[in-house]
Amino acid sequence: MFIRHENKYPYYVIIITFFIFFHKFSIPFIWDDFPFIVNNESIHSLNNLWKAFYEDIALLYRPLRQVLFTVNYALFSENPFGYHLTGLTLHICITLILYASLNILFNNRLVNLAAVLIFAVHPVHSERVYLITGSFDLLGDFFTVLAFYFYLLHKKRKSERLWYIALFTFLLGLLSSEVAIIFLPLIVAYDFIFTEKGIYKDRCIKAYLPALFIIFGYLIARYLTLHSFERVEAEEGYFNILFSMPHIFFQYLYLLFFPIHLTVYRTPQLPDNAYFFYNLICLLGIALILFQGFYSKRDKALRFSILWFFICLIPFSNIVNSGNLMEERYLYLPSFALSLFFIYLSRVVLVKRKKVFIFFSIAVLVLFATLTINKGSFYQSEEIMWQKSIRTLNFLYSNKYRETIKKRVHALDINKPLQSNEILNRFQSKSFYNAANTLQNNSCNVSIPLYMVALVLNYQNIDSWHNLYNCYGELGRVDEVAVGLKKFIEAKNLPEKVKINSLMMLTDYYINTNNPDWKKYSLELMKLNLDVNRKFEALKNAGIGFVRNNQLTLALHFFTLAEEVKDDQFVKNRIEQLQKILQ
C-alpha cells in the first residue's frame, strides 16, 4: 500500500515540469508554425505519410517528425492545444529518461532528482519547449536519450537484446532529426569514463560497428532525398566560420550558467581588431577543458559533464553548414551537462555543507523556474515575441547607437567585396533581417534599426536594403528613400527584378517632387526587361512626368505607347486631353 519516497520522484518531475510550462497552452501558432503546420499542405492528409521518407521538406530530412506533424494535424487540425500537449509530453519524457539514466550512473536519487529538475526548468529551453515547431524537434532528442538509456541498461545487465533495442531506437532518432548522430560519441564517452576495462579492452569498438552502419545508411538516404549533406551551400568563408565556433561555444557555456537576456535570435559579437587571436584563445581554452574530460583523474561526473556538453554541440558546430551561427535552442541537450556538473558539486560540497548545498539547489531551481515562466509571456504573439526579444538588446533602443548605425549605413559601399569577418557576419545579418521583416507590417519604426544593423553586418544583403527603403517610404521619409535608392541602383550585380522595383520607386518619387533626374532613371528603367504591368506603369509615369514639365508632345508620345501595352481609361482620357490641347 505504501510507495517508497524515492519512487515518487518521477511524479515530482512530471508535476513540476508541467506546472512551469503550463503557460505554453495559451500560445497561438507563431513564427515557424505557419510554414511547417498551418500552410504545409503535405501534412494535411494521412495519405502523405509515406512521402515524408523520400521528399525534401524545407531542406530537411526528418521524416518521423513530419509523420508526427501529420498525425497531430489529423487529430487536432489547427487547434494549437493538441500540438502543445504533444510537445510538452516529449519534454517531460526526455526529462524522465535522463533521470532514469542518472539513477544508473549515480546512486544518490535525491541529488539526481534536483539535477534533472535543473534540466527540466532551465530557461534556455524556453524557445524549444514553448514554441510548437521547436517542441516537435524534441522527437529526435527523445529517441537519442532513449537509445542512450537502453545502452546503459545493456551495459548494466549485459543484455544483447537491449543493445539491439538501443540501435533500433537510435535509427528512429536519426529519422526524426540529424541531432541523433551524437548517440555514438556519447556511448563512446560513457565507455571511456565509466567502463573499468576501457573501451579497447572491453571490445567496445567492435560493438560500435552496427551504429556506424546505421549512420552510413542514414546519410545515403538523406543524400538521395536532399541531394546534399548541408542545409545551405557552403560559403567562401566556411573555414572562417568553423574557426569562430570556439568563441560561440564559450557563449553557450556562459548561457548554461547565466541564462539571462535570452532572445529568439543571437548575434555573437566578434572583435574585428583581434579576431584571429581572440578565437585562438577560445580554441586553447576549449582544449584545456576537454583535457579535463579525457585525461583528468577528477570525479567521473565532472568529466562526463564536459564531454556531454561538447559532444551534444557537434551537430551545431557548422562542420556541416547549417546556415545558423548560434541559436539558444541548440542548447537543449547540451544543457544536461549542467545537471551532471551539479552532481559533481554535490559530491564535493554535500559531504561537508549539506544545508548550504540544499539551500543553493532550491535557490537555483526557483530562479530558473521564475525566468522560464517569465519567458513564456514572450510568445503570446509574434509581434510581442520579436519586440521583447529586441528590447533584450538595449543598444537597439539607444538613440546614440541608432545615429551611429545610421551614419555607418550611409557610408557603406555596396560594391565593396566582403572581407573574411564580414562573410562570417552574414549569419548574424540574416537574424536581424528576419526579425525586421516579421515586424515590418506592424511597426516600421522598429524594423528600420534592425534592417540597419543587418546591413552593417552584411552590406550586400539586398533584401535588407530594399525593405529599409520601403519602410522609409511608408513613414513618408521620402528624402531618405531617394538618397538610398539612388545608391542602391548604382550597385553592381544587382538582381534585375530588384533593380526594376527600385527604379520604379525612384522615378515615381522624382516625378512627384519635380526633380529633373526623373528622365534619366525613367529611360534607364525602360531599357530593362519589364513585364506588361511594369512596362505600362513606366510609360504612364513618363507621360505624367512630361505633362508636369509642360512637354506635352513627349507626354502624348509616352501615353500612346502605354495604351499600346495595356488598355486603361486613365491613359485614354489623358491622350484625348493632350490631342485637343495640341490641336
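Structural data are supplied above this passage.
Residues numbered from 1 in each chain as written. Predicted model: local features only at pLDDT ≥ 70, side-chain atom pairs only at ≥ 80, totals over all residues. Heavy atoms only, no water.

1. Structural notes on the overall build of the protein chain
In terms of helices and strands, the protein chain carries 29 helices and zero strands. Restricting the contact set of the protein chain to residue pairs at least 6 apart, pairs at least 24 apart contribute 72%. For the protein chain, the exposed area adds up to about 28,100 Å²; of that, 59% sits on carbon and sulfur atoms. (Helix = DSSP H or I, 4+ residues; strand = E, 2+ residues; numbered from the N terminus. Contact = heavy atoms within 4.5 Å. Areas by Shrake-Rupley, 256 points an atom, 1.4 Å probe, with all protein chains shown as cover.)

2. Regarding helix α26 (residues 518-526)
Among all positions in α26, only Trp 518, Tyr 521, Ser 522 and Leu 525 are buried. Each buried residue of α26 lies within a common arc of 105 degrees when the element is viewed along its axis, so the set occupies one face. (Buried < 20%, exposed > 50% of the residue type's maximum accessible area, 1.4 Å probe, protein only. Arc of directions from axis to C-beta.)

3. A few points about the packing of aromatic side chains
Summed over the entire model, instances satisfying the criterion amount to 33 aromatic pairs. With a centroid separation of 5.9 Å and 70 degrees between ring planes, the pair formed by Phe 304 and Trp 308 is classed as edge-to-face. Within this pair, Phe 304 and its partner Trp 308 are both found in helix α15 (residues 300-312), separated by four residues, close to a single helical turn. On the accessibility criterion, Phe 304 (0% relative accessible area) is buried. On the basis of relative accessible area, Trp 308 is assigned to the buried category, the value being 1%. The rings of Phe 106, Phe 119, Phe 148, Tyr 151, Trp 163, Tyr 190, Phe 194, Phe 304, Trp 308, Tyr 332 and Phe 336 are connected pair by pair, giving a single aromatic cluster. Between the NZ or CZ atom of Lys 375 and the centre of the ring of Phe 378, over which it lies, the distance is 5.2 Å. (Phe/Tyr/Trp six-rings, centres within 6.5 Å; stacked < 30°, edge-to-face > 60°. Lys NZ or Arg CZ within 6 Å of the ring centre and 35° of its normal.)

4. What about the nonpolar core?
In this structure, Ile 37, Tyr 252, Phe 304, Trp 308 and Tyr 379 are the most contacted members of the largest nonpolar core, which totals 180 residues. Broken down by element, the residue count for this core peaks at 13 residues, all from helix α8 (residues 138-157). If near-sequence neighbours (up to four positions away) are discounted, Phe 304 is found in contact with Leu 105, Phe 148, Leu 186, Ala 189, Tyr 190, Ile 193, Phe 194 and Leu 340. (Core = buried A, V, L, I, M, F, W, Y, C linked by side-chain atoms within 4.5 Å.)

5. Focus: the pattern of salt bridges
Per the stated rule, a full pass over the model turns up 10 salt bridges. Here Arg 128 ties to Asp 137 by a salt bridge, and the two come within 3.2 Å at their closest N and O atoms. The same class applies to Arg 128 as to Asp 137, namely buried. Among the salt bridges present, the one from Asp 567 reaches Lys 572, with a minimum N-O distance of 3.0 Å. (Salt bridge = Lys/Arg side-chain N within 4 Å of Asp/Glu carboxyl O.)

6. Observations concerning helix α28 (residues 552-565)
Here α28 is 14 residues long and its end C-alpha atoms lie 20 Å apart, about the 20 Å a rise of 1.5 Å per residue gives. Residues of α28 that are buried include every one of Leu 552, Ala 555, Leu 556, Phe 558, Phe 559 and Ala 562, and no others. For α28, the secondary structure elements touched by its buried residues are α26, α27 (532-548) and α29 (569-582). (Expected span 1.5 Å × (residues − 1).)

7. Comments concerning unusual backbone geometry
In the Ramachandran plot, Ser 77 falls in the positive-phi region, its phi being about 50 degrees despite a non-glycine side chain. The exposure class of Ser 77 is partly exposed, given its relative accessible area of 38%. Look at Lys 158: it is not a glycine, yet its phi comes out positive at around 55 degrees. Of note, Lys 158 is situated in the loop between α8 and α9 (160-174).

8. So, the packing of helix α25 (residues 496-512) against α26
With their axes 9 Å apart at the nearest point, α25 and α26 run at an angle of 150 degrees to one another. With respect to α26, the axis of α25 lies roughly antiparallel. In terms of crossing hand, the pair formed by α25 and α26 is left-handed. Across the interface between the two elements, Lys 499, Ile 500, Leu 503, Met 504, Leu 506, Thr 507, Tyr 510 and Ile 511 of α25 pack against Trp 518, Tyr 521, Ser 522, Glu 524 and Leu 525 of α26. For the contact of α25 with α26, the residue count by class is nine nonpolar, two polar and two charged. (Axes fitted to C-alpha atoms, helices over the stretch in contact; angles between N-to-C directions. Parallel < 35°, antiparallel > 145°, perpendicular 65-115°, else oblique. Left-handed = near helix turned anticlockwise from the far one by under 90°. Nonpolar A, V, L, I, M, F, W, Y, C, P; charged D, E, K, R; others polar.)

9. A word on a positive patch on the surface
A cluster of like positive charges, contributed by Arg 109, Lys 156, Arg 157 and Arg 161, occupies part of the molecular surface. Its place among the elements puts Arg 109 in helix α5 (residues 109-121). Judged by its relative accessible area of 36%, Arg 109 falls in the partly exposed class. (Patch = residues over 30% accessible without salt bridge, like charges linked within 9 Å, V, L, I, M, F, W, Y side chains within 5 Å. Lys, Arg positive; Asp, Glu negative; His and termini not counted. Charge placed at Lys NZ, Arg CZ, Asp CG, Glu CD.)

10. Structural notes on the environment of Arg 303
Secondary-structure assignment places Arg 303 in helix α15. On a C-alpha basis, the gap between Arg 303 and Tyr 190 in space is 9.9 Å, while along the polypeptide they are 113 residues apart. Excluding residues that lie within four positions of it along the chain, Arg 303 makes contacts with Phe 192, Ile 193, Gln 292, Gly 293, Phe 294, Tyr 295, Ser 296 and Arg 298.

So, to be careful, I would describe these as geometric facts and stop short of saying anything about function.
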